[in-house]
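Structural overview
As a plain string of letters, each chain reads:
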Amino acid sequence: MAAENQAEKKATPEYIRQFLKEPPLLLRNFHYEDIMEFLNLGTEERFVQDDVIINEEEYVNSAYLISKGKVSIWKDNIQLATLNKGNFLGETFLFSKNNRMAKVVSEGESQLLKFERYEALNFFRKKPEKLFNIFTRNIIEIQQQKISNMNIQLLQLKKRLLDDSNW
């Protein structure tokens with residue numbers, strides 16, 4: 001039994017073991033087996049400094065979970081945010097058929113799990129509806145956090161502009 005556990009531990013990548021211990025917001029309130037199964041849907045992709053992970057105006061059909069490192073979000077050559085391990089980007093991939101709104105670039109070495117729309121939808125079709133509802137609530141919470149962070153940035157910018165007597 002101990003040898004079996006050791007073999008399973010070696011077969012399971014470290015980032016998946018970490019996500020099982022501390023699930024990212026995306027997978028909060030999922031059962032262990034569902035977390036494992038969902039993570040295994042992802043395709044591991046590795047990037048180095050300045051690699052473009054997502055191009056602006058690209059069609060939205062996938063999303064990414066950062067499993068190592070960090071990435072930055074860019075629009076019109078302005079850095080909007082930096083995301084790191086456990087953050088999810090492209091969260092509208094199941095609901096939207098629009099184009100991407102920003103460019104995502106690797107900050108140093110990073111590793112992301114890429115989830116395709118079709119595979120994720122098939123995963124949820126085979127599960128109780130409750131799991132998709134939990135996932136949807138988690139997506140909404142991720143978006144609320146992003147909106148809150150943008151509001152903070154906007155407020156700071158407005159304060160700086162109002163304090164600037166030259167404006």
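Provided above is the structure to which this section pertains.
**Some details on the layout of surface pockets**
There is about 1,300 Å³ of room inside the largest pocket. Lining the largest pocket are 37 residues, and of these I73, A81, E91, K146 and M150 sit closest to its centre. Counting residues per element, the ones that place at least two in the lining of the largest pocket are strand 3 (62-75), strand 4 (78-84), strand 5 (88-89) and helix 5 (129-163). For the lining of the largest pocket, the leading source of residues is helix 5, giving 10 residues. Looking at side-chain class alone, the lining of the largest pocket contains 20 nonpolar, 13 polar and 4 charged residues.

**Some thoughts on helix 5**
Between the first and last C-alpha of helix 5 there are 51 Å, a value that for 35 residues agrees with the 51 Å anticipated at 1.5 Å per step. Turning to helix 5, its buried residues number three or more, namely L131, I134, F135, N138, I139 and I142. Taken together, the buried residues of helix 5 touch helix 3 (32-41), strand 5 and helix 4 (117-125).

**What to know about the packing of aromatic side chains**
All told, the structure shown has 11 aromatic pairs when counted by the stated rule. On the numbers, 6.3 Å between centres and 50° between planes, the contact of F30 with F135 is tilted. Separated by 105 residues along the polypeptide, F30 in the loop between helix 2 (14-21) and helix 3 and F135 in helix 5 bring together distant segments of the chain. Each of the two residues, F30 as well as F135, counts as buried. Ring pairing ties together the aromatic residues F30, F38, F88, F93, F95, F115, F123, F124, F132 and F135, which thus form one cluster. The ring of F19 carries K85 above its face, with NZ or CZ at 5.9 Å from the centroid.

Criteria and thresholds
- Residues numbered from 1 in each chain as written.
- Predicted model: local features only at pLDDT ≥ 70, side-chain atom pairs only at ≥ 80, totals over all residues.
- Heavy atoms only, no water.
- 1 Å grid on protein atoms, 1.4 Å probe; cavity = no way out; pocket = protein on both sides within 12 Å on 5 of 7 lines; lining within 4 Å.
- Points joined across faces, edges and corners; volume = space filled by probe spheres on them.
- Helix = DSSP H or I, 4+ residues; strand = E, 2+ residues; numbered from the N terminus.
- Nonpolar A, V, L, I, M, F, W, Y, C, P; charged D, E, K, R; others polar.
- Expected span 1.5 Å × (residues − 1).
- Buried < 20%, exposed > 50% of the residue type's maximum accessible area, 1.4 Å probe, protein only.
- Contact = heavy atoms within 4.5 Å.
- Phe/Tyr/Trp six-rings, centres within 6.5 Å; stacked < 30°, edge-to-face > 60°.
- Lys NZ or Arg CZ within 6 Å of the ring centre and 35° of its normal.

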